[in-house]
Number of protein chains: 2
Amino acid sequence: MTPRTGLDLQTILEAAAKIADEQGMDNVTLAILSKKLGIRSPSLYNHVDGLNGLRQKLAEYGLTKLYDTLIKAVIGKSGDDAVFTLGEAYVHFARRHPGLYEATFHAPDPADTDLQQAGQEIVDLVVRVLEPFDLDQDSAVHAVRGLRSICHGFASLEQKGGFGIPLDVDTSFRMLLETFVAGLHELKRLSNKK
Amino acid sequence: MTPRTGLDLQTILEAAAKIADEQGMDNVTLAILSKKLGIRSPSLYNHVDGLNGLRQKLAEYGLTKLYDTLIKAVIGKSGDDAVFTLGEAYVHFARRHPGLYEATFHAPDPADTDLQQAGQEIVDLVVRVLEPFDLDQDSAVHAVRGLRSICHGFASLEQKGGFGIPLDVDTSFRMLLETFVAGLHELKRLSNKK
DNA sequence: ATTTATAAACTAATAACGTTAGTTTTATAT
DNA sequence: ATATAAAACTAACGTTATTAGTTTATAAAT
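Note that the structure is predicted; figures quoted are calculated from it, not measured. (Residues numbered from 1 in each chain as written. Chains lettered and ligands numbered in written order. Predicted model: local features only at pLDDT ≥ 70, side-chain atom pairs only at ≥ 80, totals over all residues. Heavy atoms only, no water.)

1. Regarding the packing of aromatic side chains
For any pair of aromatic rings, the description rests on two quantities: the centre-to-centre distance and the angle between the ring planes. Overall, the coordinates contain 8 aromatic pairs over all chains when judged by the stated rule. Pairing Phe154(A) with Phe163(A) gives two aromatic rings, centres 5.1 Å apart and planes at 40°, and the pair type is tilted. Taking the relative accessible area as the measure of exposure, Phe154(A) reaches 0% and is therefore buried. The class of Phe163(A) is buried, set by a relative accessible area of 13%. With a centroid separation of 5.7 Å and 80° between ring planes, the pair formed by Tyr90(B) and Tyr101(B) is classed as edge-to-face. Placement of Tyr90(B) in helix H4 (residues 79-96) and of Tyr101(B) in helix H5 (residues 98-103) is noted, with a sequence separation of 11 residues between them. The residues Tyr90(B) and Tyr101(B) share a single accessibility class, namely buried. By the ring-pair criterion, three or more aromatic residues cluster together here, those being Tyr90(A), Tyr101(A) and Phe105(A). (Phe/Tyr/Trp six-rings, centres within 6.5 Å; stacked < 30°, edge-to-face > 60°. Buried < 20%, exposed > 50% of the residue type's maximum accessible area, 1.4 Å probe, protein only. Helix = DSSP H or I, 4+ residues; strand = E, 2+ residues; numbered from the N terminus.)

Here is the structure:
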């Protein structure tokens, strides 16, 4: 004896992501979402644990979509080139999916296991991209944090309209990545000297 | 004939900043704020244009406090040292005032003149800190964007609990700044070669 | 074909919030 | 003492999220 088939989580998350991208994360409400789906807002509780539950799932959904984008981008690339490609795919994702990207950081429970794991997959990917740089274990962790900070910081500031001056932002980001990569090589050279 | 003297904006913003820091930006509501101030929520409209107006003012307040912190930190410093000091003061501010720092990015109208000016002061400060690196005009703008991205990205990720692994975060950030500075020197060396 | 179990979707109701309108209060300058 | 202007108030409304309880539809079992 099985129940009737209604909405599924995937449909709900896609609709929520669309609202986030088009109207901003603030407008991802149960009221607006349910209207878009053609149901009443209490019905959403059959699929998601309230607004917080929706935000949690949406954050996870966003991270896995980001991961899919990144891994497709770096296939067949290595070394400096892979770093540039990874970075550019990251900010490109944030531009294409501003709301979903924002949702990634709006999880009510950042310590949730599923969410952590989705984030860890991205970290592991960045670790692999940085492997050719021959960093020791600790330095590798530091470098991953660095590259994530660069990508997220740039994407976030760009989204918030932080770059007022009319100077090409792609060039800015490319130069930032080049500076980072050059710095990695340089620090490695210095440590090899000893 | 002057009116009675009630609350002033400064008091309101300080209370709002405290709520933001202690309970998160989501709890900066007119209801909670007015309760903390011992007045009814509609009375806040005498000082601030609703919740959006409060958020706008709070963002501006946060930027000026950040600017004050940064400028005090870099006084008497120059070159690489000034960059390290600036960056560390930045993330230190974000740690001490997590909610107020977050508020900085939650202005309903990012294009507002007063807010833009508050942000521009910080940009100008970073420009001056990077002057010793002898960058041409465009490169200087790119470098400022880069350093801002690094600082904001790191602060933001740290705040969101993005760094799971138990490896010292201060070391991570220091190394990121060192990588950036080394990269700047290296790129400069390369461009001088021609 | 009929029955039945199950979950999806519903209605109704409540509490909290932001906001507006209109009234009262109170400190100060005359 | 009095008039004024703004601060603070009460009352009310619309919108949310949320809970409780009811109805409905569908897939499987008879």
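2. Points about unusual backbone geometry
All names here are of chain A. Unusually for a residue other than glycine, Asp134 sits at a positive phi of about 55°. Looking at the element boundaries, Asp134 is found in the loop between helix H6 (113-130) and helix H7 (137-159). Classification of Asp134 as exposed rests on a relative accessible area of 61%.

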